[in-house]
Each structure stands twice: as C-alpha cells, then as structure tokens.
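In case you want the letters, here they are:
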Amino acid sequence: MLEIRNLHARVDDREILKGINLVVNPGEVHSIMGPNGSGKSTLAQVLAGRETYVVTEGEVLLDGDNILEIEPEERACRGIFMAFQYPVEIPGVANTYFLRMALNSIRKYNGLKELKPVEFVKYVKEKMKIIRTSDDLLKRSVNEGFSGGEKKRNEIFQMALLEPKLCVLDETDSGLDIDALKLVADGVNAMRSPERAFIIITHYQRLLNYVVPDFVHVLVDGKLVKSGGKELALELEEKGYSWVENSSQSAA
Amino acid sequence: MSNTDVRVEELAEQEYKYGFVTDIESETLPPGLNEDVIRQISAKKNEPEFMLKWRLKAYRHWLTLKEPEWGNIRYPRIDYQGISYFSAPKKTGLESLDEVDPELLETYEKLGIPLEEQKMLAGVAVDAVFDSVSVVTTFKETLAEVGVIFCPFSEAVQKYPELIKKYMFSVVPYTDNYFAALNSAVFTDRSFCLVPKGVRCPMELSTYFRINEKNTGQFERTLIIAEEGAYVSYLEGCTAPMRDENQLHAAVVELVALDDATIKYSTIQNWYPGDKNGKGGIYNFVTKRGKCAGRNSHISWTQVETGSAITWKYPGCILLGDGSVGEFYSVALTNNWQQADTGTKMIHIGKNTRSNIVSKGISAGHGQNTYRGMVKILKGAQGARNYTQCDSMLIGEDCSAHTFPYIEVKNSSAQMEHEASTSKIGEDQIFYCKQRGISAEDAVSLIVNGFCKEVLSELPMEFAIEAQKLLSISLEGSVG
C-alpha cells in the first residue's frame, strides 16, 4: 500500500529525514518510536504534505503513485489520514459541519454521492456506536475549548468517520491520562481491518499495551535504525533509546 | 504551481461579475454643482417648495464645511464639480411590469432580481432603484392592506409631505457632517417606509439599487418609521457596474422607532471594489443613524461590507427612550487595495438603555480595515450597559487592521464591557482542513465564515447564505 523509498526532508536548512525506507501493507500496524528530535513528527507531516517540509530526495508511493507530487487535500482524498499531535481550533465552525464538508470532499473525489445533512446525521449516529464520543463535542466548534483528551478523541472520531486506508497517528497518546488513552486505543482497535494500515508514532511503549503493533521501528537522527516485532517496544522501554543509539553508532 | 493555485488565481482574475453597463437612454444633468443644479433636481422631481428650500439651505451649509480628514483612509481629492448630480431613466411612473423598458428588466435579470419571480416566490417587496429614480415598486397592495407605506422617497415627498416634514432631518440633520449635508442638498431617491402602530410588517422589505450612469454620484435617502409596537425588517443589497473612474456615493438613512417598536436594518454592500491594483472602485461615504425615540424601542443594524474601494460608515443609535436597545453587527472585508473605516456610535440618553456591538474585520491582500466606535453614556442614562466585541482577522503579510474605540461615560452606574482580538488566519488551520480533504479555497471560506458567525446569524436566512457566498468570492485569490 505504502512504500517509502530513501526519503530525505529538510526544514529551513536543517536536514531532518536522512533516508527513510519503509513498506506498509494493508492490515498492518507499524509503530515508529524514537527520541525527541529524531524526525518522527516530520515523517508524519511529510506523508500528509505539509509545505514547511521540503523533500530533497526519495519517493513515497501510495498504491504505486508518487504522492509527493500531489496536494495535501488530494492525498487525504486518496485515503491518507493524519491524527494531529496538536489539533488546531477553528472558532465558529461547528464540528459536524466541518466533518460533513470533509467527508463530502472526499466522497466527491472518489466519485461517490455527497451526503445530505440528514443522511450525514444518520451516518454519524452509526459511527458513534463504534467510536465513543458525545453529541456535545459534535455540536461545538472544531476543537475550540476542547481539553487535550477531547481533542485527541475528536481526531479519532474524525478518522472513523472518514474511513481512510492509511492512518498516521502523530503522538496521539502524548498528554493523555490512562482513561483517554484507552478510549483512543479502543477506537484504533475497532478500526483495524485487513484493508487498513496504521502508522503509530509514539514516544512511549504505553499505547502499544493497548494497540498491539505488528512492527516496531526505531527512528534515530532521521534514519530507521532498528526494526522488529512488538517485543522491541518493551526492550526499548527497559533499556532506553541510548541503547539503540549506541548500538547503531557501533554498527556504523 | 499546483492545480489549486492556478484555479484560485483564475478566479481572482475573473472580471467583476456585475460589471456591465446597460444602454438605457437617460436624462442626465451635466457635471457640476451650484444652486441652479439643485433647483433643476428639485424641479425634475416635481418637489414641493419646502423641499427645495431645505435643499438650498443644506447646500449653503455644505459650502461652509470641509471634507473630513480624520478617517484612516487615503484617496485622491474628490472633484465635486466633476460629478453629475442627476440621472434618471426617461420612462417612469409605470403601472405594470409590461410597461417597463425591457432592457431595464434584463438588467435586473442579470442582477438576479427577476421582479416577477420575486413577486410570486420570494415574498419580498422590492423597491428597485435604477440610478436615481424608482421605476418599479411591487407588493404595494399587500402592504397597503395592513397600512404599511412603502414607496420611493421622492414619492413620499409628494404624497406625505407632513410625514417628511416631521421626520426628515430628525435623526441626521443636514448639518450633521460634510457628506450628510451634500446628500441633503442633492439627494435623489430611495425608500420611505412607515409601519403604523401595532403592525408587524408582513414581509421583509428590500431595496436593490445600483449605480449605472457614468460619473453619476449616488445620493440616496431613506427614512423608516416604526410607530408604537410596530416591527419592520429592511434589507438592502447592492452591486455596481465596472468602472475606471472612482464614483462617489453618499447616502443617508434615518430610522425612527417609537415606543416598543423594532427596526432591523440589514445591508449587504458589494459595490465595485476596484481592480487588483487598486484602480477604480466606489467611494462610499454613508451616514446611517437610528433614533430609539420611544420606551423599550429597539434598532438593530447588521452590515456585511465587502465592496467599495473606500468605506466610511458608522451606523449608530441614539438611545433616547428608557429601556431602549441599540445593536450593531458588522463584517467588513477588505481585499486587494480596499480601505474600510467603519464602526458605530451608540449614544445612551435614556435610563436602562443597552447597546451591543459586534464587529468583525477581515483584511487580505493590501486591504486596510479600521474599526472606529463610540459609546457615549450621558448623565441621565442611569443603568446603561454596553458590550463591545471587536475582532480582526488578517490574511497574508501586507494587510492591516486598526481599532479606535472611544468610550465616554458620564454616569457612574454604567456597565461597560469591551473585548478585542486580532488573529491571523493560520497556515496550520488551512493545513488541518486540507488534511481532511478540504481545498485551500474552501478552507479559507470556512474559517472566515466561522469567524463571522455571530454577525451572519443576525441576517435573515436567504441573506445569510448570500453573504457567505459573497465572503468567499471576495476572498478569492487571497491565498496562494
């Protein structure tokens, strides 16, 4: 589904990604871990198409097409979703209105009929059975005055509603208490399917207790230095990132 | 350049949608202003003697005044002798639409005001002003049944001189300011409305008007009176054809609300704003004021200002009656080289009077947006309250927003609240929308409409939708 080949990216004059290679197949859950400043969020932003990051080398193929050449909104329409680390507020715009506009943009792109308000409400009700959220949250303005936990829950609800094929979660677990963390994990687990892939970016192994990844990758200084199964996360938790950093340096 | 960028630029370069000039023979006075011109205007309009006297008085006063320079706006000097002060389509006073010049009807069509359809479907009475003289007025009968008078101002001068004598200049005297004095001398036409005691006007009243004759200044005059317990909602929307020269517009609107009466006055102003290099565009110097004369009367101004090269406009309320309420809701958008200096004046005189001000300024391109507001609590205004909220949004690097709130309190029991904010439309907000599949253009329009929500929700439904579209259109090309 997704193939990242020798991806290099910079912001201003600083090179942050220094040659990332990764293949993600449908149904897989990949976790990317790494210390602060290693480039985890940059990778998420580059996949989503943030203009502040300049790709200097490499390719990102989604179903065989190089997505680096297409606009962020088109990437979203083709099924890439990013749950933001810091979701922004859009005052005065009702969450449901925003979601309907997003869903209809994506549906239109894919040649599907746009949902009328009534149909949309029905659709939302269905989704609410799977992903727990509140009416109140849907009526309020997009993320405005939401607590940290509410914002993350809202991201997961949006993800459920838009039904992307590739979900990129950018440190969705950071700053969450244990209850909110479980809610997020439940949401992700409910959405796991053979057609859908996840890239979960996280600092800690904590979330991975609830969402069990198929693969764990360690990102250090713009490169994936170690990959393994879920047990790698536990090992990291125990030994710290310095363990991989040192071993990668000694290997170099 | 990406596809979206190309599309946005294409749209931005589209010619002003309503930029066309109709070929209708009209009777136009040669440019210039003197007492003789004023006599001719009055004669052409068949006015009673008192009106001519008033006009001349106003003109003589105007000659003693200087054009105000305190506004935060820059424009070349206006040559008042270079303007023609009267222009009327030749045929007037027709009884039915069949008698109306077909070309004129076509113009309305282009503007999206098919009178017939509106008669049938919309339930909106339209007093359509074409240049200076009203040609067609619909729905008069329906209104007459409940005793509402709704007609062109010039008709009221002839038919209801006593009402005109009683109320004209009672809110905006001809001495009020430079542009009000000019208007009082040379005003042409617009609406007169009186809703009698206890009557709730059965429909939204609206006037569409546009500037059409080359070099013709527009000096419209409107007077609306709501008697005891009456209610009326008046909508005004306008567009103008494309021009190179700058055009002057100086309208005066007076509202009078008696005991327990309510007047809602909504404006969508979409006049030609000039091209993207700042060439051309309407100069809009407007004086609008309402007098809450009676107890518990209520006047509410709502405006969406997206057009004109220069906007100078402060719809205000004189809160004379005890317990009266004045409101001002405003969205002003300046793109390219547009300049707006707009706000309100709330004068609290009666006891327990309240005023509410919500102003949203949006600047894009090289646009310059100024909020200027005055809240005055006089000595006798025991228990007066004001709430002011004044928010500015900036799009891009070259625009600006300014705020000048004046507050004058002479009674210590007054409660005043003032909130202000300035925000930049964030690249992160736009990206967030894009990541959800929404295009940059739609994102900007979404964010701006959210920003203006409190004001737009004050507009009647069909106007609110039109206003939302207008905001989106006016912002085209503001994001790359």
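Residues numbered from 1 in each chain as written. Chains lettered and ligands numbered in written order. Predicted model: local features only at pLDDT ≥ 70, side-chain atom pairs only at ≥ 80, totals over all residues. Heavy atoms only, no water.

On to the overall build of chain B, then. What chain B contains, in helices and strands, is 13 helices and 23 strands. Summarising the internal contacts of chain B: among those between residues at least 6 apart in sequence, 84% fall at separations of at least 24. In the structure as shown, chain B presents an accessible area of about 18500 Å², 49% of it carried by carbon and sulfur atoms. (Helix = DSSP H or I, 4+ residues; strand = E, 2+ residues; numbered from the N terminus. Contact = heavy atoms within 4.5 Å. Areas by Shrake-Rupley, 256 points an atom, 1.4 Å probe, with all protein chains shown as cover.)

Here N95 of chain A is to be found in helix 3 (residues 95–109). Once residues within four sequence positions are removed from consideration, N95 of chain A is found in contact with L137, L138, R140, S141, V142, F146, N154 and Q158 of chain A.

To continue, consider the pattern of salt bridges. Residues and elements named next belong to chain B. One pass over the structure, following the stated rule, counts 38 salt bridges over all chains. Between E35 and R60 there is a salt bridge; the shortest N-O distance is 2.8 Å. Taken together, the positions of E35 in helix 2 (residues 35–44) and R60 in helix 3 (residues 49–64) put the pair 25 residues apart, joining distant regions of the chain. Note on R60: relative accessible area 43%, which makes it partly exposed. Measuring nitrogen to oxygen at the nearest pair gives 3.8 Å for the salt bridge that ties E220 to R190. Here E220 is found in the loop between strand 7 (205–210) and strand 8 (221–226), whereas its partner R190 is found in the loop between helix 9 (178–186) and strand 6 (191–195), with 30 residues between them in sequence. Salt bridges linked by common partners bring R190, E220, E236 and K288 together as one network. (Salt bridge = Lys/Arg side-chain N within 4 Å of Asp/Glu carboxyl O. Buried < 20%, exposed > 50% of the residue type's maximum accessible area, 1.4 Å probe, protein only.)

What follows deals with the nonpolar core. The tendency in soluble globular proteins is for nonpolar side chains to be buried side by side. Counting 104 residues, the largest nonpolar core has L2, I4, F98, M159 and F198 of chain A together with I362 and V448 of chain B as the members making the most contacts within it. The element that contributes the greatest number of residues to this core is helix 11 (residues 440–451) of chain B, accounting for seven residues. Discounting residues that sit within four places of it in the chain, F198 of chain A has contacts with E28, V29, H30, M159, C167, L169, V188, M191 and R192 of chain A. (Core = buried A, V, L, I, M, F, W, Y, C linked by side-chain atoms within 4.5 Å.)

All names here are of chain A. Relative to the elements of secondary structure, R153 occurs in helix 6 (residues 148–162). It is 20 Å that separates the C-alpha atoms of R153 and H30, two residues lying 123 residues apart in sequence. For R153, the residues in contact, after removing those within four places along its chain, are R132, T133, S134 and L183.

Residues and elements named next belong to chain A. Relative to the elements of secondary structure, V225 occurs in strand 12 (residues 223–228). Judged by its relative accessible area of 32%, V225 is partly exposed. Residues V225 and G34 lie 191 residues apart in sequence; the distance between their C-alpha atoms is 9.8 Å.

What follows concerns the side chain of S324 of chain B. As for its placement among the helices and strands, S324 of chain B is situated in the loop between strand 16 (316–319) and strand 17 (325–334). Within the local environment of S324 of chain B, its side chain forms a polar contact with the backbone oxygen of G321 of chain B, the two atoms lying 2.8 Å apart. (Polar contact = N/O pair within 3.5 Å; in protein donor to acceptor, adjacent residues only side chain to side chain.)

Turning our attention to the sheet that holds strand 1 (residues 2–11) of chain A. Each strand in a sheet pairs with another by means of backbone hydrogen bonds, the pair being arranged parallel or else antiparallel. All names here are of chain A. On the basis of which strands lie adjacent, the open sheet formed by four strands has the order 2-1-4-5 and antiparallel pairing. The open sheet has two free edges, formed respectively by strand 2 (14–24) and strand 5 (65–66), since each of these has just one partner strand. Across two bridges, the pairing between strand 4 (residues 54–62) and strand 5 is antiparallel. Within strand 5, the position partnered with L62 by the bridge is D65. The strands touched by helix 1 (residues 40–48) are strand 1, strand 2 and strand 4; relative to strand 1, the strand with the most contacts, the crossing angle is about 110°. (Pairing = 2+ DSSP bridges. Axes fitted to C-alpha atoms, helices over the stretch in contact; angles between N-to-C directions.)

Here we take up the packing of helix 3 of chain A against helix 4 (residues 117–130) of chain A. When two helices pack together, their arrangement is given by the angle between the helix axes and the distance between those axes. Residues and elements named next belong to chain A. Two elements in contact, helix 3 and helix 4, have axes whose closest approach is 11 Å; the angle formed by their N-to-C orientations is 100°. Judged on the interaxial angle alone, helix 4 and helix 3 are roughly perpendicular. Taking contact as the criterion, the partners of T96, L99, R100 and L103 in helix 3 are, on helix 4, P117, F120 and Y123. Residue classes in the contact of helix 3 with helix 4 are distributed as five nonpolar, one polar and one charged. (Parallel < 35°, antiparallel > 145°, perpendicular 65-115°, else oblique. Nonpolar A, V, L, I, M, F, W, Y, C, P; charged D, E, K, R; others polar.)

Before going further, it helps to examine the packing of aromatic side chains. All names here are of chain B. Inspection of every chain in the model, using the stated rule, returns 25 aromatic pairs over all chains. Through pairs of rings, three or more aromatic residues link up here, namely Y59, W62, W70, Y75, Y80, Y178, F179, Y283, F285, W312 and Y314. A cation over a ring is seen here: R200 above Y231, with NZ or CZ 4.0 Å from the ring centre. Over the ring of F451 we find K360, and its NZ or CZ is 5.0 Å from the ring centre. (Phe/Tyr/Trp six-rings, centres within 6.5 Å; stacked < 30°, edge-to-face > 60°. Lys NZ or Arg CZ within 6 Å of the ring centre and 35° of its normal.)

With that settled, consider the interface of chain B and chain A. Counting residues at the interface gives 21 residues for chain B, matched by 33 residues for chain A. Both sides together, the interface formed by chain B and chain A hides about 2300 Å², and carbon and sulfur atoms give 62% of it. Here chain B and chain A share four salt bridges between them. Note that R436 of chain B and E155 of chain A form a salt bridge whose closest N and O atoms lie 2.6 Å from each other. Taken together, the connections running from chain B to chain A amount to 11 residue pairs in polar contact (both at pLDDT 80 or more). Among the elements that make up the side of chain B that touches chain A, the one with the highest residue count is helix 10 (residues 427–435) of chain B (eight residues). Among the residues forming the side of chain B that touches chain A, the class breakdown is eight nonpolar, seven polar and six charged. (Buried area = accessible area lost by both parts, 1.4 Å probe.)

On to the pairing of strand 14 (residues 298–305) of chain B, then. All names here are of chain B. With respect to burial, strand 14 is a largely interior element, seven of its eight residues being buried. Sheet topology note: the strand 12 (residues 262–270)/strand 14 ladder contains eight bridges and is parallel. Bridge pairing in strand 14 links S266 to T302. Here strand 14 pairs with strand 17 via eight bridges, running parallel. When the bridges of strand 17 are listed, E305 appears paired with A332.

Quick look at the sheet that holds strand 12 of chain A now. All names here are of chain A. The mixed open sheet is built from six strands, whose spatial order is 6-9-10-3-11-12. Bordering the open sheet on either side are strand 6 (80–83) and strand 12, each of which pairs with just one other strand. The average angle at which neighbouring strand axes cross in this sheet is 20°, direction not considered.

This next bit is on helix 9 of chain B. In terms of burial, helix 9 of chain B is a largely internal element, nine of the nine residues being buried. Its side-chain oxygen placed 2.8 Å from the backbone nitrogen of F179 of chain B, N177 of chain B serves as the N-cap of helix 9 of chain B.

Residue and element names in this part refer to chain B. Listed as buried for helix 2 are V37, I38, I41 and S42. Angularly, the buried residues of helix 2 cover 135° about the axis, an arc narrow enough to put them on a single face. The inward-facing, buried residues of helix 2 contact helix 3 and helix 9. You can read the cap of helix 2 off the contacts: a side-chain oxygen lies 2.9 Å from the backbone nitrogen of D36, and it is on N34. The positive-phi residue at the C-terminal boundary of helix 2 is N46, with phi of around 60°. (Arc of directions from axis to C-beta.)

Residue and element names in this part refer to chain B. Viewed as axis vectors pointing N to C, helix 2 and helix 3 meet at an angle of 150°, and their least axial separation amounts to 10 Å. Judged by the angle between their axes, helix 2 and helix 3 are roughly antiparallel. Crossing of helix 2 over helix 3 shows right-handed handedness. Here E35, I38, R39, I41 and S42 of helix 2 lie close against helix 3, whose contacting residues are L52, R55, L56, Y59 and R60. Looking at side-chain class alone, the contact of helix 2 with helix 3 contains five nonpolar, one polar and four charged residues. (Left-handed = near helix turned anticlockwise from the far one by under 90°.)

Residues and elements named next belong to chain B. Despite not being glycine, D260 has its phi angle at roughly 55°, a positive value. Mapping D260 onto the fold places it in the loop between strand 11 (252–257) and strand 12. Positioned with a positive phi, N352 is a non-glycine residue whose angle comes to about 50°. Tracing the backbone shows N352 in the loop between strand 18 (339–348) and strand 19 (354–363).

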